[in-house]
Amino acid sequence: MQSMDDGFVMAPRTTTPQDHNAGRQVEYDPTFQGPLKNRSCTDVICLFLFIVFIACWIGVGLFVFTNGNKDILLLPVDSNNSRCGYDPHVAEKKKLFFFDITKCLSPAVPFTGCPTNQICVEECPKDTFLWNKNSELNYMKLKCVQGIQPKNNEEGDDFVNKGLCARYHLKSNDFLNRCLYDVGELAKLFNSKELAEQTNQSMRLAILDFYDKVGHDIIKDIVESWREILGGIGIAIVACLIYMLMLRWIAGPVVWISIVATIAGLAACVYFTVTYYIYYKDHPKEEANANTIFQQYVRKKGFWLTLLIISSVALLIDVLMVIFLRKRIFIAIAIIGEASKAVSSTLMSFVFPIFPWIFQMAIIAFTLVVALYITTISSPQYEVKNFDKSNCNGDYEDGDSCDMNSFKKVRINNCKATCEFVGMGLSSLRTPLHVFNGFAFFWSIFFISAFGQMVQAGIFATWYWTRDKSDVPFWSVTKSVARTLRYHIGTLAFGSLILAICRMIRVALEYIDHKLKKYDNPFTKAILCCMKCFFWCLERFLKFLNKNAYIMCAIHGKNFCTSAKDAFSLIIRNILRFHVLDKVTDFVLFMSKLIITAGVAAIVWSFVTYVSERQLKYILVPVIFVAIVTYLVTSFFFNVYSMAVDTLFLCFLEDNERNDGSAHRPYYMSKNLRAILGKKNKTS
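Treat the numbers as computed from the prediction; the structure is a model and nothing was measured.

About the cut-offs
- Residues numbered from 1 in each chain as written.
- Predicted model: local features only at pLDDT ≥ 70, side-chain atom pairs only at ≥ 80, totals over all residues.
- Heavy atoms only, no water.
- Helix = DSSP H or I, 4+ residues; strand = E, 2+ residues; numbered from the N terminus.
- Buried < 20%, exposed > 50% of the residue type's maximum accessible area, 1.4 Å probe, protein only.
- Contact = heavy atoms within 4.5 Å.
- Areas by Shrake-Rupley, 256 points an atom, 1.4 Å probe, with all protein chains shown as cover.
- Polar contact = N/O pair within 3.5 Å; in protein donor to acceptor, adjacent residues only side chain to side chain.
- pLDDT = per-residue confidence, 0-100.
- Phe/Tyr/Trp six-rings, centres within 6.5 Å; stacked < 30°, edge-to-face > 60°.
- Core = buried A, V, L, I, M, F, W, Y, C linked by side-chain atoms within 4.5 Å.
- Pairing = 2+ DSSP bridges.
- Expected span 1.5 Å × (residues − 1).
- Axes fitted to C-alpha atoms, helices over the stretch in contact; angles between N-to-C directions.
- Parallel < 35°, antiparallel > 145°, perpendicular 65-115°, else oblique.
- Left-handed = near helix turned anticlockwise from the far one by under 90°.
- Nonpolar A, V, L, I, M, F, W, Y, C, P; charged D, E, K, R; others polar.
- Salt bridge = Lys/Arg side-chain N within 4 Å of Asp/Glu carboxyl O.
- Disulfide = S-S within 2.5 Å.

Attention now goes to the overall build of the protein chain. For the protein chain, the helix and strand inventory stands at 21 helices and eight strands. Looking at the 684 residues of the protein chain, the share that counts as buried comes to 44%. Within the protein chain, contacts between residues at least 6 apart in sequence are counted, and of these 72% link residues at least 24 apart. As presented, the protein chain carries roughly 36,500 Å² of accessible surface, and 62% of it is formed by carbon and sulfur atoms.

A few words now on the side chain of D100. As for its placement among the helices and strands, D100 is situated in the loop between strand 1 (95–98) and helix 2 (109–112). Looking at D100, its side chain comes within polar contact range of the side chain of Y168, at 3.1 Å.

Note that I333 resides in helix 10 (residues 326–345). Judged by its relative accessible area of 8%, I333 is buried. Counting along the chain gives 256 residues from I333 to L589, while the straight-line C-alpha distance between them is 9.8 Å. Other than its neighbours up to four places away in sequence, I333 contacts A251, G252, V255 and W256.

Next up on the list: the confidence of the model for the protein chain. Per-residue confidence for the protein chain gives a mean pLDDT of 79, with 82% of residues at or over 70. Per-residue pLDDT stays below 50 along residues 190–207; that stretch engages in 24 contacts with residues further than four places along the chain or on separate chains.

What follows is about the packing of aromatic side chains. This model, assessed by the stated rule, comprises 28 aromatic pairs. Taken together, the ring pairs in this structure connect F50, F53, F436, F439, W443 and F447 into an aromatic cluster.

Core analysis: the biggest nonpolar cluster contains 116 residues, and L247, Y464 and V588 have the highest contact counts within it. Every residue in contact with L247, bar those within four places of it in the chain, is listed here: V254, V255, I336, G337, S340, F638 and Y641. Listed in part, the 10 residues of the second largest apolar core include C84, V90, I101 and C114.

What follows covers the pairing of strand 2 (residues 118–121). Along any regular strand, the residues point their side chains to alternate faces of the sheet. Neither face of strand 2 is open: one carries Q118 and C120, the other I119 and V121, and all of them are buried. Sheet analysis places strand 1 next to strand 2, joined by four bridges and oriented antiparallel. Counterpart to K95 in the pairing with strand 2 is V121.

Before going further, it helps to examine unusual backbone geometry. Positive phi values are uncommon outside glycine, yet D43 reaches one of about 50°. Assignment of secondary structure puts D43 in the segment before helix 1 (44–67). Despite not being glycine, N177 has its phi angle at roughly 65°, a positive value. Mapping N177 onto the fold places it in the loop between strand 5 (172–175) and strand 6 (178–181). On the accessibility criterion, N177 (26% relative accessible area) is partly exposed.

In a regular helix each residue adds 1.5 Å, so 35 residues correspond to 51 Å; helix 17 (residues 522–556) covers 50 Å between its end C-alpha atoms and thus fits that length. G557 occupies a position one or two residues after helix 17 and carries a positive phi of about 75°.

Here helix 17 crosses helix 18 (residues 560–573) at 105°, and the two axes come no closer than 8 Å. One finds that helix 17 runs roughly perpendicular with respect to helix 18. Contacts between helix 17 and helix 18 pair F541, F544, L545, N546, N548, A549, Y550, M552 and C553 from the former with F560, S563, A564, D566, A567, F568 and I571 from the latter.

Helix 20 (residues 620–658) packs onto helix 19 (residues 575–611) with a crossing angle of 155° between their chain directions and a minimal axis gap of 8 Å. Classified by the angle their axes make, helix 19 and helix 20 are roughly antiparallel. By crossing handedness, the relation of helix 19 to helix 20 is classed as right-handed. The residue makeup of the contact of helix 19 with helix 20, split by class, is 21 nonpolar, seven polar and four charged.

Tallied over the full model, the rule gives 13 salt bridges. As a salt-bridge pair, K341 and E338 come within 3.6 Å of each other at their nearest N and O atoms. Here the residue K341 and the residue E338 both occupy positions in helix 10, the gap between them amounting to three residues, near one helical turn. Looking at E338, the relative accessible area reads 7%, which means it is buried. For R506, the salt bridge is made with E539, and the minimal N-O distance between the two is 3.1 Å. On the criterion of sequence distance, the pair formed by R506 in helix 16 (residues 489–516) and E539 in helix 17 is long-range, its members being 33 residues apart. With a relative accessible area of 24%, R506 lands in the partly exposed category. Judged by relative accessible area, which is 2%, E539 ranks as buried. In this structure, a network of salt bridges that share partners links the residues R503, R506, E539 and K543.

This part is about the state of the cysteines. Counted according to the given criterion, the structure contains three disulfides. Disulfide partner of C124: C179, at an S-S distance of 2.1 Å. With the S-S bond torsion at -85°, the cross-link from C124 to C179 turns out left-handed. Separated by 55 residues along the polypeptide, C124 in the loop between strand 2 and strand 3 (129–130) and C179 in strand 6 bring together distant segments of the chain.

Here the focus is the side chain of S311. Counting through the fold element by element, S311 comes out in helix 9 (residues 301–324). In terms of polar contacts, S311 uses its side chain to reach the backbone carbonyl oxygen of L308, at 3.1 Å. Those residues in contact with S311 that lie beyond four places of it in its chain are L266, C269, V270 and T273.

This is the structure we're talking about:
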């Protein structure tokens, strides 16, 4: 029989007793019948290393829980790590003031901290102030870092230019002892030309202004439409289950309908964006009649031109892929059909990913709690300054540690000695503890993800290598979990350790890049950009390699390095068909995600527009919210399919090399897949 895709015709091969060496075929083994039952523990050294590391992580947690103070977790901390309202030298200053809080809008703030000076103050500013060295006594209104107090305008101007005093402050509100800008003052700041020139914050203030005008309405709409949102999420889950069931029986029509519907949807997007672009191009005054900021954006021709370009490019890519890869799509559909059968034969494979997800949530929670407690383990340190034994009581010398309360007794006559704050004790431990906690987080998260992948690989490999599918074990999920836990925890630890190291390097590069931005060196920027790109690509490759190594380990029970070598060699020998089919399958599954997401979003939009009586400021808010959640739900379900496809395809490649279709060495692949690939089993 001639294959439907000549690019995938595989000529008969004569196998020889050889291993998985690069460029050599898999050895034929008459006793091989899928995942080996008799196997031994793999990568034991990595297992012990992982256990010791987790024990140390727990030890770090116990250390910070013991030495930390839960009562000060939410206390504001200034740039010197002084805890406002708690440490003796700032006991009367309970509020935290930000020199420029708009710098805290950066998405990197949770990792790098807010890059502006922060000081403890007695109360939040009650007026708006802009530094002007020509205004008399203006220096008295400046808010400066600990120990800095200008004596005149000239000195105040010097401190402002050095960043030791805030150039301006706004009327602020107290929120959890943090001074946050008053919303009304933002508009004044945004419209003040002088202040905008002084602060150079127009973009960040525009974001805050947008949030003030739109953000509250968006949050209100989400709260008001919670019933519609929950209903949409329920529809998304049901739609995914129905779609999976349809793939089980009519994978071909369902996939082609999804592809055609996606192309039709993109074509409709192109039509509507062209229509609106032409309309607003011919009616430029429409923007002036907008009642909300959202309408102002929507009525700009540039907005519709951007959407037109995006939808046109997406439509062109989809059409070209369907035209040139149409024959490969047939094979991808066959693989997806096989994956549907494998998944439906073990429905627990849909339930199992919930458990790794729960573990990952627990790890995230533990990491955050440890990180918070690490910030509380330090204590303020004070030293004696200007001590003169002739005028002061006590046996002190400059630099000695002191206590602010008891030190008052040594001051007699003209004693000018002071007990000054110099830093936080144990603060030197905070950085290494944070680094250790971060690395433990990455290693643990990658480990749990790897565990889920290997368990699923064992489930689907068992299904593929069972010739009579009715003989697939009922407890295949439980058996795969037990097999992985008993023999291959070390392999998972090895693979996840490599990924964790790579991720930590990427985080370090981001931190270095953040620190060097102020120097604005083009050469340094170029080097860092190349390094970040390299390690991003390396991490993607390692994830790909690890995933296939786990599949081979689940089948053959070998250690990580051997499994990775076997998987890589098998893929290299079939690089063209593997790469093409892998990308085509991803494309098909992505189209399926889009059609489900678009369908659910359309249902919610129709209900909110024509059925619901709720008066929403922005009708698209619940629609977009449901669309995002729907895409996440479909990704959760289709990740199982993706793992099934990858596992079955590696099994198929090995099946093709291990067997030749003869009576003594028949293929394990299904009849439908054999027909598409031009293969057949000989009965005699």
